[in-house]
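A closer look at the structure
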Amino acid sequence: MDMQTDYLVIGSGIAGLSFAIEAAKSGTVAIVTKKEKMEGSTNYAQGGIASVLDPDDSFDLHISDTLESGDGLCSEEIVKMVVRDGPARIHELISMGVRFSRRADDKKHLDLGREGGHSKRRIVHTKDLTGHEVETILLDRAEENENIQIFENHMAIDLITKSKLIKRGIITSEASQTCWGAYVLDDETEQIKTFLARITVLATGGAGKVYLYTSNPDIATGDGVAVGYRAGVKVANMEFVQFHPTCLYHPLAKNFLISEAVRGEGGVLIDSKGNRFMEKYHPLKDLAFRDIVARSIDMELKKSGDECVYLDISQRSPDFIKDRFPHIYQTCLRFQIDISKDPIPVVPAAHYICGGLLTNENGLTNLDNLYAIGEVACTGLHGANRLASNSLLEALVLARRATISSSRQLEAKRGKSFPEAPKWDPGCATDSEEEVVVSHNWDEIRRFMWNYVGIVRTNKRLDRARRRVDIIQEEIKEYYWNFIVTKDLLELRNIALVAEIIISCASLRKESRGLHYNLDYPEKDDEHWRRDTVLWD
Ligand code: FAD
Ligand code: SIN
């Protein structure tokens, strides 16, 4: 089946939906999303959205907190722009129907939370279910819009680019590299469809599943980075993988996050003997920047040989805890942990990828007509370490800027016909009888990425990881061309490529900065390395 649309949006999280709702004012929008439409990191976001909404706060403070967290690698222009556009985007969400928590003593005011690295209370939230509230309202607005069609269980495989069309003799001359949409696997019918679009937007989220332990949902396999990179998009700063310090440590609790807001409301980290340890590592103690807290926990665990540390909020009243963190309270209770009395066992886990597809201030990549917004993008906001709750903010601001920019591009293209894209060519691929190869490789990648390319790296560990990923990449290539593609195989191909990119970026950066810590170069080297690591296929 061929589909033609003005805008093709790949992903239905905060970035994709925010873009789609605004873009639908100027054209038709098709959203493809690889599982159910709610499924993505946005739906699980807990802490909230950072923005300057209190008279006691200022843009300058939010800007300097973000720059400090980014450890010398943020783009100051982008930081200023995102911070200043923030309040307008929050008020827009409220006008769409998002119910952020209000102060108990004065319902006219938003209740602002605090998280690591923020010098002020500035996190708007809906208790500890912020992402679910925002995702639900954005989906409602998208679904009632006649110009928007949502295709669930549709997974983008690769972009349709000018070079692909030239290879098939369809376009003979055009000034720059252009994107014309994507090939998409319909996971229900197993058909591969061609979605032709004048503007394509990658809003595919993060890549936490490249690691064995992660806070991310299953969709986070780095597809956007892989798809973009294969098409010639520049990728930057992928060595900066953020490990969230506090994921619940329990054999049955798959990836459950304990929000940083718990520490913002007085929760403290303790070891198995009940001693606080963060004061040894940073003056901000439990509310230090995330890279520092995760690394400190890692060091404590290596020293003690324990399997986890603990987060204790039991000094706050049970009523406060149940009202402020109902989701965390109930979830922990299901695992027999009453957080109003018991310390919560926690460990760090891969949480957010600060790098991604390199874009300009409007979300535009180096491919004509191709935008990247949300976690998949690298705009320059986060630098070497993202400040807590700046991600949802970035997605909102960049989605708006991308709509303004792309709707102008669209205007100039109106009336022009689409190229005739070739149908997907399966070659002589057959059904595979060896699905075990996929699951085995998938497991191996996630393990060696955790062991060798995790919170603390060395040159030797990076080399080991590189050798393993090279072998797996070879195997995948062979498998990919011989067998009919499935969602699992496509995801494996993507996590393998993203793992390779992370290893390459980490090997290039010969210093320690922000989230990238290499024991062979333990110091920051501003003279040589105050710059992005950019890869380009
Ligand atoms: P997502 O919301 O992840 O959406 C990605 C979409 O792309 C999904 O619909 C997915 O199915 C789709 N997709 C992916 N690949 C394909 C493909 N090949 N084809 C088709 N569709 C595809 N940030 C904050 O700022 N504040 C917080 O409080 C916060 N809490 C968090 C808590 C958790 C547990 C997690 C995991 C993250 C949290 N973050 C938080 C980070 C933040 O939630 C994410 O960075 C943000 O939601 C990303 O939004 P997105 O729209 O870019 O991607
Ligand atoms: C959290 O609630 O701790 C997550 C916040 C974030 O990732 O920004």
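It should be emphasised that the depicted structure is a prediction, and the values quoted were computed from it without experimental measurement. Counting starts from 1 at the beginning of each chain's written sequence and moves along it residue by residue. Both sets of labels track the order of writing: A upward for chains, 1 upward for ligands. Confidence filtering applies because this is a predicted model: local features only for residues at pLDDT of at least 70, side-chain atom pairs given and counted only at 80 or more, and all residues used for totals across whole chains, interfaces and linings. Computation of side-chain values covers all heavy atoms of the structure but excludes hydrogens and water.

**Section: the packing of aromatic side chains**
What counts is decided by this rule: In this scheme Phe, Tyr and Trp rings, the latter by its six-membered ring, pair at centre separations within 6.5 Å, and the angle between planes marks the pair as stacked below 30 degrees, edge-to-face above 60, and tilted otherwise. Counting from the N terminus, the helices are the DSSP runs of H or I reaching at least four residues and the strands are the DSSP runs of E reaching at least two. Partly exposed describes any residue whose relative accessible area lies between the buried limit of under 20% and the exposed limit of over 50%, with all areas from a 1.4 Å probe on protein chains only and scaled to the type maximum. Put simply, a charge is over a ring when the Lys NZ or the Arg CZ is close to the ring centre, within 6 Å, and near the line of the ring normal, within 35 degrees.
Tallied over the entire structure, the rule returns seven aromatic pairs. Residues tyrosine 213 and tryptophan 450 carry aromatic rings whose centres are separated by 5.0 Å and whose planes lie at 80° to one another, so their mutual orientation is edge-to-face. Linking tyrosine 213 in the loop between strand S9 (191–202) and helix H6 (223–230) with tryptophan 450 in helix H12 (residues 435–452), this pair joins segments that are 237 residues apart in sequence. Residue classification places tyrosine 213 among the partly exposed residues on the basis of a relative accessible area of 45%. Overall, tryptophan 450 belongs to the partly exposed group, its relative accessible area being 22%. Ring centres of phenylalanine 243 and tryptophan 450 lie 5.8 Å apart, and the angle between their planes is 65°; this geometry places the pair in the edge-to-face category. Here the residue phenylalanine 243 occupies a position in strand S11 (residues 241–248), and tryptophan 450 occupies one in helix H12, the gap between them amounting to 207 residues. Overall, the relative accessible area of 3% leaves phenylalanine 243 in the buried class. Each member of the aromatic cluster is reached from another via a ring pair, and the members are Tyr211, Tyr213, Phe243 and Trp450. The aromatic ring of tyrosine 352 is capped on one face by arginine 386, whose charged end is 4.1 Å from the ring centroid. A cation over an aromatic ring shows up here: arginine 531 above the ring of tryptophan 529, its NZ or CZ 4.3 Å from the ring centre.

**Quick look at the nonpolar core**
Rule in force here: Residues belong to one nonpolar core when they are buried, are Ala, Val, Leu, Ile, Met, Phe, Trp, Tyr or Cys, and are joined through side-chain atoms within 4.5 Å. Contacts are assigned to residue pairs that have any heavy atoms within 4.5 Å of one another.
Core analysis: the biggest nonpolar cluster contains 71 residues, and Met449 and Ile502 have the highest contact counts within it. Broken down by element, the residue count for this core peaks at 13 residues, all from helix H14 (residues 487–508). In this structure, methionine 449 is in contact with Val210, Tyr211, Gly454, Ala499, Ile502 and Ile503, ignoring residues within four places of it in sequence. In this structure, Ile49, Leu112, Ile199 and Leu396 belong to the second largest nonpolar core, which totals 50 residues.

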